[in-house]
Amino acid sequence: MDHLTVTVDGTTIALTSHTPASSIDGLPLIITLHGGTYTSAYYDVAGGPLGSFNDVACRAGFAVLSVDRSGYGGSEPLPEEENTFARQADLLDAAIDLVLADRPESGVVLVGHSIGGMVALEIAARRPRWPLVGVSVTGIGARIPSGGASEALGGLGLSGVVDLPVEQRDAVMFGPSGSFTEQAREAAHTTYAPTPFVELVLAPRWARERLASVAGQVLVPVHNALAEHDALWDSSPEALAEFVAVFGGRATAELVPGVGHSIDHHVLGATVHLRQLAFAFQCGAGAAVRA
């Protein structure tokens, strides 16, 4: 595991490189983008016996590059008035371009959770010059339930950087008792981080205000997995179908039973990891055939 930083427009972005257990030619690089209230260590938390997303991916031969989004971990914050998900995408597009200049890749798949998924799709909509071949997102959908937990968080009337109570986060991030282990819950606590509050204001509005226009610009395949017990999103069959439709046939969406919002930290999280890796392999192989 190697740590590195790049600077874009005077802003430092921190990344962590995870080396695969074995080198397999042709696999795309996976770049992960964490959600709000977490650092990039989100993808290091083992929800079950197969390990974390990074464990599963590296054992399968994938190299993973984990990004700390602006204001988290080792990445510098953006001014509040500048901190939109589109602006974060601008910075990360440029940061990834700088990193890949030293390690050219045959393909890249973005994996994003929650707000990280929104930013991943914003990056894809920019049609970066580096070889993006697919995007897999969890914890986002097409609809936010009116009056739900997401609107409640965004309506707290705060500003600046906030550190939400652990109990409040747990209630939103985890599914029902038995869907996660106490060990995973405690490990997740080590990845909780203070949050630029503006993100929690923008997140409930993103699907309504940005999803359709962003989806219209995305040319690569998109995979979406939404939790059965997601406290923030509408995970009904109608909402899943709406997500697929807005991408005009370039997306798939699935309901993941027995998990809460932070799918990766649940016992069944690895079932999604394996499907994400299959998706990444398919995207990489498909791009190679088309080339």
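The structure this text deals with has already been given above.
Residues numbered from 1 in each chain as written. Predicted model: local features only at pLDDT ≥ 70, side-chain atom pairs only at ≥ 80, totals over all residues. Heavy atoms only, no water.

S.K.: What should I look at first to understand the pattern of salt bridges in this one?
M.R.: Between side chains of opposite charge, a pair can form when the charged atoms approach closely. Taken as a whole and assessed by the stated rule, the structure comprises 16 salt bridges. Between Arg-69 and Glu-199 there is a salt bridge, and its shortest N-O distance comes to 2.6 Å. In this pair, Arg-69 is assigned in the loop between strand S4 (64-67) and helix H2 (85-101) and Glu-199 in helix H7 (residues 197-215), connecting sequence segments 130 residues apart. Exposure remark for Glu-199: the relative accessible area of 0% places this residue in the buried category. (Salt bridge = Lys/Arg side-chain N within 4 Å of Asp/Glu carboxyl O. Helix = DSSP H or I, 4+ residues; strand = E, 2+ residues; numbered from the N terminus. Buried < 20%, exposed > 50% of the residue type's maximum accessible area, 1.4 Å probe, protein only.)

S.K.: Help me understand the nonpolar core, please; the structure alone is not making it clear to me.
M.R.: Among soluble globular proteins, nonpolar side chains are generally buried collectively. Of all hydrophobic cores here, the largest spans 77 residues; its most connected members are Leu-110, Leu-121, Val-135, Trp-206, Phe-243 and Phe-247. Ignoring any residue separated from it by four or fewer positions in sequence, one finds Phe-243 in contact with Leu-121, Val-137, Gly-141, Ala-142, Leu-211, Val-222, Asn-224, Ala-251 and Ala-253. (Core = buried A, V, L, I, M, F, W, Y, C linked by side-chain atoms within 4.5 Å. Contact = heavy atoms within 4.5 Å.)

S.K.: Just to check I follow, could you spell out the packing of H2 against H7 for this structure?
M.R.: In a packed pair of helices, the relevant descriptors are the angle between the two axes and the axis-to-axis distance. The N-to-C vectors of H2 and H7 enclose an angle of 95°; their axes lie 11 Å apart at closest approach. Looking at the two axes, H2 sits roughly perpendicular to H7. Packed against H2, whose contacting residues are Phe-85, Ala-86 and Gln-88, the element H7 presents Glu-199, Leu-202, Ala-203, Trp-206 and Arg-210 at the interface. Considering only residue class, the contact of H2 with H7 consists of five nonpolar, one polar and two charged. (Axes fitted to C-alpha atoms, helices over the stretch in contact; angles between N-to-C directions. Parallel < 35°, antiparallel > 145°, perpendicular 65-115°, else oblique. Nonpolar A, V, L, I, M, F, W, Y, C, P; charged D, E, K, R; others polar.)

S.K.: When you look at the state of the cysteines in this model, what are you seeing that I'm missing?
M.R.: Each disulfide is one covalent bond, formed between the sulfur atoms of two cysteines. Inspection of the entire model under this criterion finds zero disulfides. Counting only cysteine sulfurs, Cys-283 is the nearest neighbor of Cys-58, a cysteine outside any disulfide, at a range of 19 Å. Residue Cys-58 is classed as buried on the basis of its relative accessible area, which comes to 11%. (Disulfide = S-S within 2.5 Å.)

S.K.: What's the story with the sheet that holds S4 in this structure? I'm lost.
M.R.: Two modes of strand pairing occur in sheets, parallel and antiparallel, and in both the strands are linked by backbone hydrogen bonds. Pairing within the open sheet is mixed, and its eight strands lie in the order S1-S2-S4-S3-S5-S6-S9-S10. Of all the strands in the sheet, the pair left with one neighbour each is strand S1 (2-8) and strand S10 (251-260). In this sheet, adjacent strand axes meet at a mean angle of 20° when their direction is disregarded. Here seven bridges tie S1 to strand S2 (residues 11-18), and the two strands are oriented antiparallel to one another. Within S2, the position partnered with Val-6 by the bridge is Ile-13. Sheet strands touched by helix H3 (residues 115-125): strand S3 (29-33), strand S5 (108-113), strand S6 (132-138) and strand S9 (222-229). Its angle to S5, the strand with the most contacts, is close to 145°. (Pairing = 2+ DSSP bridges.)

S.K.: How do you make sense of the environment of Ser-75 when you look at a structure like this?
M.R.: By the secondary structure assignment, Ser-75 is in the loop between S4 and H2. Residues Ser-75 and Val-6, spaced 69 residues apart in sequence, show a C-alpha to C-alpha distance of 9.4 Å. Other than its neighbours up to four places away in sequence, Ser-75 contacts Thr-12, Ile-13, Ala-14, Asp-68, Arg-69 and Ser-70.

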